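Here are the chains, one letter per residue:
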Amino acid sequence: MWFRNARVFRFTKPFDISAEELEEKLQADAFKPCGPQETSRQGWVPPLGKHGEQLVHSANGYHLIALRKEEKILPGPVVKEAVEEKAEAIEFEQGRKVRRKEKDEIKEQVMLEMLPQAFSKNRRCFAYLAPQDGVLVVDAGSAKQAEDLASTLRKSLGSLPVRPPAVEQAPAFTFTGWLNESVDLPGKVVLGSECELKDPSEDGGVVRCKGLDLKADEIRNHLDAGMQVTKLSLTWDDNVSFVLDEELGIRRLKFGETLQDQLDDVDVDDAVAKFDAAFTLMTLELSRLIPGLLEVLGGEDRSAIVEE
């Protein structure tokens, strides 16, 4: 159970919930498969999959949840061909032209007819609530996917006072400073070999660099020309590597050998124990990484957070 991404939301006021209460709330929105005429449906599923029945898996006060989304897949070319066939039949039989509005109505009818035989695409999105750390962490590659999960969780709970964390200075300013050496690189941070540079002007371009020494002259030339670093690959404390963007989105998480070695000590024949151990190790590591990152990026702006 290793997250591949981490989109962080900060609780804006004190929030606590027990595993039992969270389980009860999520049960009301548990996943049910799409009906014959439905194009999509989502709901909460057991994080342990076939190895568990509970919708909440808790360890050390961290609550893991999983949202499943099912979408019916109707290939566009197949739908288009069926619509054209029906439109041509109407034109031949009635001797008139089928207009666009009528074609849209035919398309809706065709899709309803095809839905019961359509293939289903299923996707699970994991997240965990960490009330003691004041964060919700979502394993999502995009901000939209993370927001969708947070919105669904808010609906299930009735209230979810979260927002993305804010820092005192723009991350792009800090990233750029690390590369042009106008800002000291923290001791726990090691630069990777990937970055994204953007020209801040209205019609500015984008340069994506991979497999390069980020202190090389070719990178420095872009920075001297006014480009800013908006995405950067990093290694934190020799134990976690990832790509961090200017929205504080963490992608391509890779946990180091130390954590893997600890996980290898767990009985490999016990799937639940293995899952639980990985979840515990991951959450403990992220509980150190997240506040550490916010600190080296200029410190967290907590002006909108209600303290206890």
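Residues numbered from 1 in each chain as written. Predicted model: local features only at pLDDT ≥ 70, side-chain atom pairs only at ≥ 80, totals over all residues. Heavy atoms only, no water.

Peer 1: Which parts of the structure should I look at to understand the overall build of the protein chain?
Peer 2: For the protein chain, the helix and strand inventory stands at eight helices and twelve strands. Rg of the C-alpha trace for the protein chain: 24 Å, well past the compact-globule value of 19 Å for 308 residues, more than 25% over. Taken along the three principal axes of its C-alpha coordinates, the protein chain extends 75 × 55 × 40 Å. For the protein chain, the residues scored as buried account for 43% of the 308 residues in total. (Helix = DSSP H or I, 4+ residues; strand = E, 2+ residues; numbered from the N terminus. Rg over C-alpha atoms; globule rule 2.2 N^0.38 Å. Buried < 20%, exposed > 50% of the residue type's maximum accessible area, 1.4 Å probe, protein only.)

Peer 1: I keep staring at the environment of Gly299 and nothing clicks. Help me out?
Peer 2: For Gly299, the location among the structural elements is in the segment after α8 (271-296). When its relative accessible area of 9% is taken as the criterion, Gly299 is described as buried. Along the sequence, Gly299 and Glu168 sit 131 residues apart, while their C-alpha atoms lie 5.7 Å from each other. The residues contacting Gly299, other than those within four sequence positions of it, are Ala166, Val167, Glu168 and Leu294. (Contact = heavy atoms within 4.5 Å.)

Peer 1: How should I be thinking about a negative patch on the surface in this particular structure?
Peer 2: Negative charge collects at one region of the surface, where Glu257, Asp261, Asp264 and Asp265 lie side by side. By the secondary structure assignment, Asp264 is in helix α7 (residues 257-264). (Patch = residues over 30% accessible without salt bridge, like charges linked within 9 Å, V, L, I, M, F, W, Y side chains within 5 Å. Areas by Shrake-Rupley, 256 points an atom, 1.4 Å probe, with all protein chains shown as cover. Salt bridge = Lys/Arg side-chain N within 4 Å of Asp/Glu carboxyl O. Lys, Arg positive; Asp, Glu negative; His and termini not counted. Charge placed at Lys NZ, Arg CZ, Asp CG, Glu CD.)

Peer 1: Teacher, can you tell me more about the nonpolar core here?
Peer 2: Soluble globular proteins tend to pack their nonpolar side chains together in the buried interior. In this structure, Tyr128, Leu232 and Phe242 are the most contacted members of the largest nonpolar core, which totals 54 residues. A per-element tally of this core places α8 first, with eleven residues. Taken domain by domain, the makeup of this core includes at least three residues from each of domain 1 (7-74 + 119-163) and domain 3 (169-301). Setting aside anything within four residues of it in sequence, one finds Leu232 in contact with Phe175, Trp178, Leu179, Leu191, Glu194, Cys195, Leu214, Phe242, Val243 and Leu244. (Core = buried A, V, L, I, M, F, W, Y, C linked by side-chain atoms within 4.5 Å. Domains from an automatic or database assignment.)

Peer 1: Help me out: how do you make sense of helix α1 (residues 19-27) in this one?
Peer 2: Residues lying three or four places apart along an α-helix face the same way, a consequence of the helix completing one turn every 3.6 residues. Within α1 the residues assigned to the buried category are Leu22, Glu23 and Leu26. Down the axis, α1 shows its buried residues gathered within 100 degrees of arc, on one side only. Across α1 from its buried face, at more than 90 degrees, point the exposed residues Glu20 and Glu24. As for α1, its buried residues are in contact with β2 (40-45), β4 (62-73), β5 (119-130) and α4 (143-157). (Arc of directions from axis to C-beta.)

Peer 1: Where do I start with the packing of aromatic side chains in this structure?
Peer 2: Aromatic ring pairs are reported here in terms of the distance separating the ring centres and the angle at which the planes meet. Inspection of every chain in the model, using the stated rule, returns six aromatic pairs. Relative to Tyr128, the ring of Phe3 lies with its centre 5.8 Å away and its plane at 50 degrees, an arrangement referred to as tilted. With Phe3 in the segment before β1 (7-11) and Tyr128 in strand β5, this pair connects stretches of sequence that are 125 residues apart. One exposure class covers both Phe3 and Tyr128, and it is buried. Geometrically, the ring pair formed by Tyr62 and Tyr128 is edge-to-face, given 5.8 Å between the ring centres and 80 degrees between the ring planes. With Tyr62 in strand β4 and Tyr128 in strand β5, this residue pair connects regions lying 66 residues apart in the sequence. Given a relative accessible area of 4%, Tyr62 falls into the buried group. (Phe/Tyr/Trp six-rings, centres within 6.5 Å; stacked < 30°, edge-to-face > 60°.)

Peer 1: Please explain the pattern of salt bridges as it appears in this structure.
Peer 2: One side chain can pair with another of opposite charge once the charged atoms of both are near each other. Enumeration over the complete set of coordinates arrives at 15 salt bridges. Taking the shortest distance from any N to any O, the salt bridge between Arg288 and Glu285 comes out at 2.8 Å. Taken together, the residues Arg288 and Glu285, both in helix α8 and three residues apart, mark about one turn of the helix. Salt bridges sharing common partners tie together Arg7, Asp245 and Glu247.

Peer 1: Could you clarify how one ought to interpret the pairing of β5 in this entry?
Peer 2: For β4 and β5, the ladder comprises eleven bridges, and the chain directions are antiparallel. Each bridged residue has a counterpart across the sheet, and for Arg68 the counterpart in β5 is Arg124. Judged from the four bridges that link them, β5 and strand β6 (residues 135-138) form a sheet pairing that is antiparallel. Looking at β6, one finds that Ala127 is bridged to Val138. Linking β5 to β6, which pair antiparallel, is a turn of four residues; within it Gly134 sits at a positive phi near 75 degrees. (Pairing = 2+ DSSP bridges.)

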